[in-house]
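Inside the fold
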Amino acid sequence: MHALGIQIGLVIGGGNILRGGANTQNGLDRVSGDYMGMLATMINALAFQNALEQAGVQTRVLSAIKMEQLAEPYIKRRAIRHLEKGRVVIFAGGTGNPYFTTDTAAALRASEIEADVLIKGTKVDGVYDGDPMKDPNAKRYDSLRYIDVLNQGLRIMDATAVSLCMENGLPIVVFNLTEGKDLIRLVTGEDVGTVVS
């Protein structure tokens, strides 16, 4: 994708390490859990940066939480400048505030840098009216309106993220991240996944 000249900004979650507020059921304070989740996104961002740079791709990690020894602080103009210079920008630390998910951070950063599209990689090939892993009759949507996602409670992203995209007219494409060539197909104009607009 990068070799095609496409500007890439990434938001990487940290759920493989700690899923922030979800751990409140285990007695963890919600705010502490969310900050721990943001730190988990930093760990994953640094790991991904290392992998990209080993592949010869110039990368910058920008963090919503100050960690100057590890990453640059997030500043909108700095992010845009890195993108213009052909660097992949990894946004870490979520929004820097508790009670907001990585989805919301992705919608916020994409809106701020005026991205053309927010691409959400998942384990399934789009948005369904049910869980396709459990329901073989679940129907996949080719396209949806933001309001339909919210009204039907389709859990592709949290409601705050979908609302933010709707407010800013930022289309969302949900696709299967595990299918190796689907991302390239998507960015080169093929119909892949579900478009929410």
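That block above? That's the structure.
Here we summarise the structure given alongside this text. (Residues numbered from 1 in each chain as written. Predicted model: local features only at pLDDT ≥ 70, side-chain atom pairs only at ≥ 80, totals over all residues. Heavy atoms only, no water.)

What about the overall build of the protein?
The criterion, for reference: Strands here are runs of E lasting at least two residues and helices are runs of H or I lasting at least four, both read from the DSSP assignment and numbered beginning at the N terminus. This radius of gyration counts C-alpha atoms alone. The globule rule is 2.2 Å times how many residues there are, raised to the power 0.38. Buried residues are those whose accessible area, probed at 1.4 Å on protein chains only, stays under 20% of the maximum for their type, while exposed residues exceed 50% and partly exposed ones sit between those limits. In what follows, residue pairs with any heavy atoms lying within 4.5 Å of each other are defined as contacts.
The secondary structure content of the protein amounts to six helices and ten strands. Relative to the 2.2 N^0.38 estimate, which gives 16 Å for 197 residues, the radius of gyration of the protein is 17 Å and therefore close to what a compact globule would have. For the protein, the C-alpha atoms occupy an extent of roughly 50 × 45 × 30 Å along the three principal directions. Expressed as a percentage of the 197 residues in the protein, the buried residues total 40%. At a minimum sequence separation of 6, the contacts of the protein that also span at least 24 residues come to 63%.

Here's the deal with the sheet that holds strand β9 (residues 172–176)
For clarity, the cut-off: Pairing between two strands is assigned when DSSP locates at least 2 bridges connecting them.
The sheet built from four strands is open, its strands ordered β5-β9-β10-β8 with mixed pairing. Looking along the sheet, the strands with just one partner apiece sit at the ends: β5 (118–122) and β8 (143–144).

Regarding the pairing of β5
A one-sided burial pattern is seen for β5, the buried positions being Leu118, Lys120 and Thr122 and the unburied ones Ile119 and Gly121. Summarising the sheet, β5 and β9 pair through five bridges and their orientation is parallel. By the bridge assignment, Lys120 is partnered in β9 with Val174.

Section: the sheet that holds strand β3 (residues 72–73)
Here we have four strands laid out as an open sheet, ordered β1-β4-β2-β3, and parallel in their pairing. Sheet topology places β1 (9–11) and β3 at the edges, where each strand pairs with a single neighbour. Bridging between strand β2 (residues 59–63) and β3 involves two bridges; their strand directions are parallel. Looking at the pairing, Leu62 lines up with Glu72 of β3.

Description of unusual backbone geometry
At Tyr99, a residue that is not glycine, the phi angle is positive and equals roughly 75°. Along the polypeptide, Tyr99 turns up in the loop between β4 (88–92) and α3 (102–112). A positive phi angle, close to 60°, is found at Glu114, a residue other than glycine. With respect to the helices and strands, the residue Glu114 is situated in the loop between α3 and β5.

So, the packing of α3 against helix α5 (residues 159–168)
Under the convention used in this document: Only the stretch in contact is used when fitting a helix axis, every axis being a line fitted to C-alpha atoms; angles between N-to-C directions are given from 0 to 180 degrees. Roughly parallel means an angle under 35 degrees; roughly antiparallel means over 145; roughly perpendicular covers 65 to 115; every other angle is labelled oblique. It is the rotation of the near helix from the far one that decides the hand of a crossing: anticlockwise by less than a right angle makes it left-handed, clockwise makes it right-handed. Charged means Asp, Glu, Lys or Arg here, nonpolar means Ala, Val, Leu, Ile, Met, Phe, Trp, Tyr, Cys or Pro, and polar covers whatever is left, Gly included.
Interaxial distance between α3 and α5 falls to 8 Å at its minimum, and their mutual angle equals 15°. One element, α3, and the other, α5, form an angle in the roughly parallel class. Seen from above, α3 lies across α5 with left-handed handedness. Mapping the contact onto sequence places Asp103, Thr104, Ala107, Leu108 and Ser111 in α3 and Thr160, Ala161, Leu164, Cys165 and Asn168 in α5. Its residues assigned to classes, the contact of α3 with α5 shows five nonpolar, four polar and one charged.

Side note on the environment of Met42
For Met42, the location among the structural elements is in helix α1 (residues 30–54). Separated by 150 residues in the primary sequence, Met42 and Val192 have C-alpha atoms spaced 29 Å apart. Residues within four places of Met42 in sequence aside, it is in contact with Val61, Ser63, Met67, Leu70, Ala71 and Ala92.

Notes on α3
Defined as follows: In the analysis that follows, any N or O atom pair within 3.5 Å is treated as a polar contact, provided that within protein one partner can donate a hydrogen and the other can accept it, and provided that, for residues neighboring in sequence, both atoms belong to side chains.
Most of α3 sits inside the fold, with eight of its eleven residues counted as buried. Taken together, the buried positions of α3 are occupied by Asp103, Thr104, Ala105, Ala106, Ala107, Arg109, Ala110 and Ser111. In this structure, the buried residues of α3 make contact with β1, β4, β5 and α5. The N-cap of α3, judged by a side-chain oxygen 3.2 Å from the amide nitrogen of Asp103 a few residues on, is Thr101.

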